[in-house]
Number of protein chains: 2
Amino acid sequence: MEVFTPLSTVTWQEKAAIPRRVRDESVAKVEPALQGLPDELPLNSQGLPKIVLTTRERELTEKYTVKELLALLHSRKLQSEELTRAFLRRAAVAHAATNCLTELLWDDAIARARYLDSLPHPVGPLHGLPISVKEHHGTLGSNQQTNASYVSYIGQPSGSTLLLDILWDAGVVHFARTTQPQTIMHLETESNIYGRTVNPYNRNLTPGGSSGGEGALIGMRGSLFGLGGDIGGSIRCPAAHCGIYGFKPSVQRFPNVGGKEHMDGTEAILATKGPMAADRDTLELCMKVVLAAEPWRLDPSLRVAPWVPYKITRPLKVAVMWWDGVVRPHPPMMRALREVAHACKAAGMKVVDWEALNHQKGWEIVSGLYFPDGGQSIYNILEESGEPPLPLTDFIIKEQPNLCAERDAFRTAYARHWSATADQDGDEVDVILCPPNFGAATPHGQSRYWGYTAIWNLLDYPGVVFPVTTVDPEKDKKDVNYAPVTTEDKFVQELYEPDIYKDAPISLQLVSRRHFDEKLLAALVEIERALGRS
Amino acid sequence: MEVFTPLSTVTWQEKAAIPRRVRDESVAKVEPALQGLPDELPLNSQGLPKIVLTTRERELTEKYTVKELLALLHSRKLQSEELTRAFLRRAAVAHAATNCLTELLWDDAIARARYLDSLPHPVGPLHGLPISVKEHHGTLGSNQQTNASYVSYIGQPSGSTLLLDILWDAGVVHFARTTQPQTIMHLETESNIYGRTVNPYNRNLTPGGSSGGEGALIGMRGSLFGLGGDIGGSIRCPAAHCGIYGFKPSVQRFPNVGGKEHMDGTEAILATKGPMAADRDTLELCMKVVLAAEPWRLDPSLRVAPWVPYKITRPLKVAVMWWDGVVRPHPPMMRALREVAHACKAAGMKVVDWEALNHQKGWEIVSGLYFPDGGQSIYNILEESGEPPLPLTDFIIKEQPNLCAERDAFRTAYARHWSATADQDGDEVDVILCPPNFGAATPHGQSRYWGYTAIWNLLDYPGVVFPVTTVDPEKDKKDVNYAPVTTEDKFVQELYEPDIYKDAPISLQLVSRRHFDEKLLAALVEIERALGRS
């Protein structure tokens, strides 16, 4: 990568152009070059791969789950190089459609794949699998830099990320790096460096954020497995908006050291990294591989907690949270809840209602706690280069009072609220089924209500997002008689016009008590079975 | 308890006299009254119980371990009331000797014991056992107030403490509440309310702190099992100074909610409660009983981590930390290390040296992090009543820079340092054997070096303290040729004159990696066996 020498005469715009050039040059390496893309891109990008890719490339990127690909790679029925080349080209298509990449690792990925193919035995459980990763995590196997979407950080080297060290040892091929928004604290994906990433189902809508590059890329099957991070919804929101699977574990479980972040050392609300994937089983596979490496031996922030798969021995008790008392979900989200609740009942599960316990207060606490210094450290980084804060940056940064004691009281009240669900029938609620957002992906610049994901960050309840349906203007008509109950609700209701969201994915979120990560993924299997999925 | 109505005309001294009167009236209830105590108390209080107590009272309080008492209680060979009365009287003796109580719960304890005796079956594993507790934790079964050693807090009701709820359900009898220092942040025990608590082996020395009331009481066998808290040594320091056992678990394991603390919601360095006991087995018994109640269901700060006893399957690899590179331990402490290291080797364990990794830096970080607000919240509480800060309060409170990132880097470096101990022979160090302090209990007002305990709070490594020997001026001569290496070291070396510490307990500390609490207690069993103990 080009080395940047800071000069006081360089404007932030000139500086920001450097990583864009790196990105463009990296994508231009694609061989054979992409041909056939229309000059004017369609609203929905899902048809583009068919125009550009070969039948074999489409077979390799569409036909298999990650587990199936790994079986082919391990048995040497498939070479990593062929697979990697197919995903490199499909990722380039996804980028042309959605602006989801910060770098395509063409040379490094092919060299790594060839090396793995040359070995007599697989190096680990993920031998030869191409994976994508959010830019600020950094990647191994190359002389990478990470800017974390700050112009000030451009040109700084990337440290080694423990998570990626582990995956590397397990045999992955890094082939694509993906976009995140300024501050990595928007539920959309726009920065002064890379511009805006759009939704692969509808370019007028956001892919979500902050792991929106991963969302868009995996939503195009330009990658089947990637890594994001989540402190307020940054894995679950883009997973939901792009119709893929995303898992936010309880914090302090998945390695965090390495990579580039602003505000290292703050901890009022902790972030966690986690997997995003085209299929469900890859989420648990990722947890197993990473925790088998005992990451707590090198990252002392982690709990010593091996991954112990959970066995469900009685019908689940599923609580449905129809809304959070602040912002009513849009009609397609309500329909998804009804459909899944119905399927759970039909499969013999207990289905009850979940009473949201003062989520308005929860949102006030968590949004106040994101920036213990009132955002000053972020504004300092922005000022260093002169790049302007984006509107969604100013939106999320506020002054904060000392809210940690309120946070702890809220957590305690919620724990008791959950325990009390066993009072009547002796069975405690196992999981909460709830929206991951008030609706489908929003039009750009409108993602101002984080409550449906951030509440679970406040409580540190693990959450997993899974696709359910898509917006159908016929089925999901606007309720013109609904009277909004809060200012946020009014804003959100006004965002809904069915035609704007046509075909956008609608996903749901499943949440369990803190530290019951394994149980949560086991419950998702049961619920997807109830939906008739394998 | 008397209700206090705040009046602006009341001085802090008048206000502070109220809980002292409560305490004195509570101790005066002892029946029969204590007789035979000398007008001038001896330097060493260990002989006093023999003067005052009956043979039967001494048998009940001296002859048995907690496990043996529980067996007698469960089989009804012993009534809780008789046992409780014996400990009530012995606690009164301990208080007369050391000033360790804030309240003796005469009526409540006897009523509770009678109630338990009246039941057809034991209510739980601790049925009928009298236990003591640090004042600020509060107790159940009575209309308690807690002042946490702040004059401003006098008259405030105590909330329910989850830890004590659990022990109550397991059958304990609360019979004594014990002293802590102003701010609960001294390694001694002195407050403007209750004055100074002294060491039961030498009244010129401190019992340690902040759980110094527990240390002195259990050091007199005025209780066999009590509860303390530890953020910088507050369990381990008084346990060491008073010749008893004390266990600081990894944080977020043992319930914390309830009780009275200043600075709720701060979390740069977390405190934990933990057991203090006259015998080793009671530490693990306490952990088992408390974690069997699944406290994480009600205290969401806790890890979901049941107590799973650890089985040691190969000879331990014990690292001995002879000193921390900042302050050299006094001669009796060095002798204790030599004696125990020798016994471990003789028992077939691997014994290696531990290189202290920049503990000076560690102390700078942890002492800076104790007061994220620079101590302002504490000074505000003091100013509210007008009570003056004690010298050790001003000592520990300093301005602090943003040290959380340095803390995390230090933790990561130390984790890698520990993992590297397997590099040469493939065996990682299991436990570190180290001093819990630079020496025996200090003369009053001199406990200004916390490094030997606080470093493990910074790292969140669990630590357990066990008695080894006592100061012997013949064996533990001053090394007059030693040249101190730091200012702190000079201060500490000047504190040592063998005769000052004659007969004072010398204890050692065993430390394991974070979250290996069960392994740590299992290793202590092995090491005590190597010392010829059961």
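Residues numbered from 1 in each chain as written. Chains lettered and ligands numbered in written order. Predicted model: local features only at pLDDT ≥ 70, side-chain atom pairs only at ≥ 80, totals over all residues. Heavy atoms only, no water.

### Considerations on the overall build of chain A
A tally of helices and strands in chain A yields 18 helices and 13 strands. For 534 residues, the compact-globule formula gives about 24 Å, and the C-alpha radius of gyration of chain A, at 22 Å, lands near that figure. Dimensions of chain A along its principal axes, counting C-alpha atoms only, are 60 × 55 × 50 Å. Evaluated residue by residue, chain A yields a buried proportion of 62% over its 534 residues. Considering only contacts within chain A whose residues lie at least 6 apart along the sequence, 81% involve residues at least 24 apart. Surface accessibility of chain A: about 18,800 Å² in total, with carbon and sulfur atoms responsible for 51%. The positive charge centre, built from 55 side chains, and the negative charge centre, built from 65, are 5 Å apart in chain A. (Helix = DSSP H or I, 4+ residues; strand = E, 2+ residues; numbered from the N terminus. Rg over C-alpha atoms; globule rule 2.2 N^0.38 Å. Buried < 20%, exposed > 50% of the residue type's maximum accessible area, 1.4 Å probe, protein only. Contact = heavy atoms within 4.5 Å. Areas by Shrake-Rupley, 256 points an atom, 1.4 Å probe, with all protein chains shown as cover. Lys, Arg positive; Asp, Glu negative; His and termini not counted. Charge placed at Lys NZ, Arg CZ, Asp CG, Glu CD.)

### With respect to the domain arrangement of chain A
The figure often quoted for interface size is the accessible area lost as the parts come together. Residues and elements named next belong to chain A. Splitting chain A by domain gives domain 1 (12-297) and domain 2 (317-531). On a C-alpha basis, the centroid separation for the pair domain 1 and domain 2 is 25 Å. Of the residues lining the interface, 55 residues belong to domain 1; the matching set on domain 2 comes to 66 residues. Roughly 5,000 Å² is buried in total at the junction of domain 1 and domain 2, and carbon and sulfur atoms are behind 58% of that figure. If you look at where domain 1 meets domain 2, you find 3 salt bridges. Among the salt bridges present, the one from Arg280 reaches Glu528, with a minimum N-O distance of 2.7 Å. There are 38 residue pairs in polar contact (both at pLDDT 80 or more) connecting domain 1 and domain 2. Where the side of domain 1 that touches domain 2 is concerned, the elements lending two or more residues are strand E4 (190-191), helix H9 (236-242), strand E7 (245-248) and helix H10 (281-292). Examining the composition of the side of domain 1 that touches domain 2, we find that 6 residues originate from one element, H9, more than from any other. For the side of domain 1 that touches domain 2, the residue count by class is 23 nonpolar, 21 polar and 11 charged. (Domains from an automatic or database assignment. Buried area = accessible area lost by both parts, 1.4 Å probe. Salt bridge = Lys/Arg side-chain N within 4 Å of Asp/Glu carboxyl O. Polar contact = N/O pair within 3.5 Å; in protein donor to acceptor, adjacent residues only side chain to side chain. Nonpolar A, V, L, I, M, F, W, Y, C, P; charged D, E, K, R; others polar.)

### Structural notes on the relation of the copies chain A and chain B
After a rotation of 180° and a shift along the axis of 0.0 Å, chain A superposes on chain B with an RMSD of 0.0 Å. The superposition operator between the copies reduces to a two-fold rotation axis. Interface overlap between copies: 100% of the residues of chain A at the interface are likewise at the interface in chain B, consistent with a symmetric, same-surface contact. (Least-squares fit on C-alpha atoms with pLDDT ≥ 70 in both.)

### Remarks on the packing of aromatic side chains
All names here are of chain A. For the structure shown, the criterion picks out 28 aromatic pairs over all chains. Ring geometry for Tyr150 versus Tyr153: centroids 5.2 Å apart, planes at 70°, classification edge-to-face. Note on accessibility: Tyr150 and Tyr153 belong to one class, buried. Feature note: the residues Trp354, Phe410, Tyr414, Trp418, Trp456 and Tyr461 constitute an aromatic cluster, connected by ring pairs. (Phe/Tyr/Trp six-rings, centres within 6.5 Å; stacked < 30°, edge-to-face > 60°.)

### Here we look at the sheet that holds strand E13 (residues 505-511) of chain A
Residue and element names in this part refer to chain A. Strands sit in the order E1-E3-E2-E6-E8-E7-E12-E13-E11-E9-E10 across an open sheet of 11 strands; the sheet is mixed. Single-partner strands in this sheet number two, and they are strand E1 (101-104) and strand E10 (350-353). Ignoring which end each strand starts from, the neighbouring axes of this sheet average 25° apart. In the sheet, strand E11 (residues 431-434) pairs with E13 via 3 bridges, with the strands oriented antiparallel. Bridge pairing in E13 places Leu433 opposite Leu510. (Pairing = 2+ DSSP bridges. Axes fitted to C-alpha atoms, helices over the stretch in contact; angles between N-to-C directions.)

### Quick look at unusual backbone geometry
In this structure, Ser210 of chain A follows Gly209 of chain A across a cis peptide bond, with omega equal to 5°. Relative to the elements of secondary structure, Ser210 of chain A occurs in the loop between strand E5 (195-196) and helix H8 (212-219). The residue after Glu31 of chain B, namely Pro32 of chain B, is reached through a cis peptide bond having omega -10°. With respect to the helices, strands and loops of the structure, Pro32 of chain B is situated in the loop between helix H1 (12-27) and helix H2 (48-52). Unusually for a residue other than glycine, Thr183 of chain B sits at a positive phi of about 70°. If you trace the backbone, Thr183 of chain B turns up in the loop between strand E3 (173-178) and strand E4 (190-191). For Asp460 of chain B, which is not glycine, the phi torsion reads 55° and is therefore positive. With respect to the secondary-structure elements, Asp460 of chain B resides in the loop between helix H16 (451-459) and strand E12 (463-470).

### Observations concerning the interface of chain A and chain B
At the interface, 28 residues of chain A touch 28 residues of chain B. At the boundary of chain A and chain B, one finds 2 salt bridges. Here Glu428 of chain A ties to Arg297 of chain B by a salt bridge, and the two come within 2.4 Å at their closest N and O atoms. Between chain A and chain B we count 12 residue pairs in polar contact (both at pLDDT 80 or more) in total. Its residues placed into classes, the side of chain A that touches chain B shows 11 nonpolar, 6 polar and 11 charged.

### Thoughts on the side chain of Arg253 of chain A
Residues and elements named next belong to chain A. Examined against the element boundaries, Arg253 turns out to sit in the loop between E7 and strand E8 (272-277). Polar contacts involving the side chain of Arg253 include one to the side chain of Glu518, which spans 2.7 Å. If we ignore the near neighbours within four places in the chain, the residues touching Arg253 are Met287, Leu291, Leu302, Arg303, Ala305, Pro306, Trp307, Asp517 and Glu518.

### Observations regarding the pattern of salt bridges
Applying the stated rule across the entire model yields 73 salt bridges over all chains. Across the pair Asp503 of chain B and Lys502 of chain B runs a salt bridge whose closest N-O atoms are separated by 3.4 Å. Residue class for Asp503 of chain B comes out partly exposed when judged on its relative accessible area of 33%. A single network of salt bridges, built from pairs that share partners, joins Arg56, Glu59, Lys63 and Glu82 of chain A.

### Observations concerning the nonpolar core
Counting 150 residues, the largest nonpolar core has Leu104, Leu167, Leu227, Tyr370, Trp456, Leu510 and Ile527 of chain A as the members making the most contacts within it. Summarising the domain contributions, this core has at least three residues from each of domain 1 (12-297) and domain 2 (317-531) of chain A. Non-local contacts of Leu510 of chain A, meaning those with residues more than four positions away in its chain, are made with Val431, Ile432, Leu433, Pro462, Gly463, Val464, Phe466, Leu520, Ala523, Leu524 and Ile527 of chain A. Ala92, Leu459, Phe466 and Leu524 of chain B belong to the second-largest nonpolar core, a separate cluster that totals 145 residues. (Core = buried A, V, L, I, M, F, W, Y, C linked by side-chain atoms within 4.5 Å.)

### Here's the deal with the UniProt feature "binding site: substrate" (unreviewed entry) in chain A
Residue and element names in this part refer to chain A. Mapped onto the present numbering, the UniProt feature "binding site: substrate" (unreviewed entry) falls on Ile184, Ser210, Ile231, Gly232, Gly233 and Ser234. With the annotated positions falling across 51 residues, the maximum pairwise C-alpha distance of 11.1 Å places them together in a single cluster. Owing to a relative accessible area of 1%, Ser210 belongs among the buried residues under this scheme. Of the polar contacts made by the side chain of Ser210, one reaches the side chain of Lys134; its length is 2.7 Å. The topology assignment puts Gly232 in the loop between strand E6 (225-230) and H9. Note on Gly232: relative accessible area 0%, which makes it buried. In contact with Gly232, other than residues within four places in its own chain, are Leu187, Tyr370, Trp450, Thr453, Ala454 and Asn457. (UniProt positions renumbered as here; feature names shortened; annotations may be inferred.)

### A closer look at the state of the cysteines
A complete count under the given rule lists 0 disulfides over all chains for this structure. Cys237 of chain A forms no disulfide, and the closest cysteine sulfur to it belongs to Cys242 of chain A, at a distance of 8.4 Å. The buried category is assigned to Cys237 of chain A, whose relative accessible area is 1%. Cysteine Cys344 of chain B is unpaired, with the sulfur of Cys434 of chain B as its nearest cysteine sulfur at 13 Å. (Disulfide = S-S within 2.5 Å.)

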